[in-house]
Amino acid sequence: MALTQDDLKRAVAQAAIAYVPNDCIVGVGTGSTANFFIDELARIKNRIRGAVASSEASTKRLQGHGIEVLSLNEAGELPVYVDGADEITKHMHMLKGGGGALTREKIVAAASKKFICVCDASKLVDVLGKFPLPVEVIPMARSYVARELVKLGGQPQLREGFTTDNGNVILDVHNLQIMNPVELETTLNQLPGVVTNGLFARRGADVLLLGTPDGVKTLTA
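The present account deals with the structure reproduced in this document. (Residues numbered from 1 in each chain as written. Predicted model: local features only at pLDDT ≥ 70, side-chain atom pairs only at ≥ 80, totals over all residues. Heavy atoms only, no water.)

A short note on the packing of aromatic side chains
Considering all chains together, one arrives at one aromatic pair under this definition. Considering the side-chain rings of Y81 and F115, the 5.1 Å spacing of their centres and the 85° angle between planes classify their relative orientation as edge-to-face. Linking Y81 in strand β3 (residues 78-83) with F115 in strand β6 (residues 112-120), this pair joins segments that are 34 residues apart in sequence. Take Y81: its relative accessible area is 0%, and that puts it in the buried class. Exposure remark for F115: the relative accessible area of 0% places this residue in the buried category. Over the ring of F200 we find K106, and its NZ or CZ is 5.1 Å from the ring centre. (Phe/Tyr/Trp six-rings, centres within 6.5 Å; stacked < 30°, edge-to-face > 60°. Helix = DSSP H or I, 4+ residues; strand = E, 2+ residues; numbered from the N terminus. Buried < 20%, exposed > 50% of the residue type's maximum accessible area, 1.4 Å probe, protein only. Lys NZ or Arg CZ within 6 Å of the ring centre and 35° of its normal.)

Concerning the pattern of salt bridges
Counted under the stated rule, the structure contains twelve salt bridges. Here E185 makes a salt bridge to K106, at a shortest N to O gap of 2.9 Å. With a gap of 79 residues between them, E185 in helix α7 (residues 181-189) and K106 in helix α5 (residues 102-110) connect regions that are remote in the sequence. Grouping residues by exposure puts E185 and K106 together as buried. Notably, a salt bridge pairs R159 with D172, separated by 2.8 Å at the nearest N-O pair. With R159 in the loop between β8 (155-158) and β9 (169-174) and D172 in strand β9, this residue pair connects regions lying 13 residues apart in the sequence. An identical accessibility class is assigned to R159 and D172; each is buried. (Salt bridge = Lys/Arg side-chain N within 4 Å of Asp/Glu carboxyl O.)

A few points about the packing of helix α2 (residues 32-43) against helix α3 (residues 56-64)
Packing of α2 against α3 brings their axes to within 9 Å, and their N-to-C directions diverge by 25°. Viewed along their axes, α2 and α3 adopt a mutual orientation that is roughly parallel. Seen from above, α2 lies across α3 with right-handed handedness. Across from N35, I38, D39 and L41 in α2, the residues of α3 making contact are S58, R61 and L62. (Axes fitted to C-alpha atoms, helices over the stretch in contact; angles between N-to-C directions. Parallel < 35°, antiparallel > 145°, perpendicular 65-115°, else oblique. Left-handed = near helix turned anticlockwise from the far one by under 90°. Contact = heavy atoms within 4.5 Å.)

A word on the pairing of β6
Among the nine residues that make up β6, seven are buried, leaving the element largely enclosed by the rest of the structure. With five bridges joining them, β3 and β6 adopt parallel strand pairing. Its bridge partner being in β6, D83 is matched across the sheet by C117. Bridging between β6 and strand β12 (residues 207-212) involves five bridges; their strand directions are parallel. Residue pairing across strands places D120 opposite G211, the latter belonging to β12. (Pairing = 2+ DSSP bridges.)

Take a look at the structure:
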């Protein structure tokens, strides 16, 4: 019987548990693969102290399993952060934010010693940008930032009816071929009004657990 995408996500979520130290506070991402990881974390909740979540949705799911959720300010530096990606390259550069939680994800990732990315094989790409790049923008800067994104060769589109957990809007940028993700990440973040963008290249993944029909493959930076 062929494995479904959910089977692959579940397999990498199970594999990620091996990277969670005993008696730690673990950073938890957002999205469908992160949800499988939260469900796996529930099985070992007695050997962790709690979690820091990158979204309100993940907070609710963790609390639903009886896992204590702490703020990052309370928790301090985290040993490990586990999250998915919309795209990732073999250089461990990622494009994230399809679920709209990119800013908090980037903050928790930055505060963690190790970033474990959990994905199914369809997310591994040679060049980032086929998936539209999310940019979180303070609402008053929306049209200014959109004009600047056009100058950079992108086609920004407002994510209709969506507000981030931080009260901002998201512009999804289509038609970018991202040859130098570190440079573009920096350029976008310097635009006034941009909170952050969905390129995770300056702080990429340390380990990629890739779900394939032949089992979970481990790639490292």
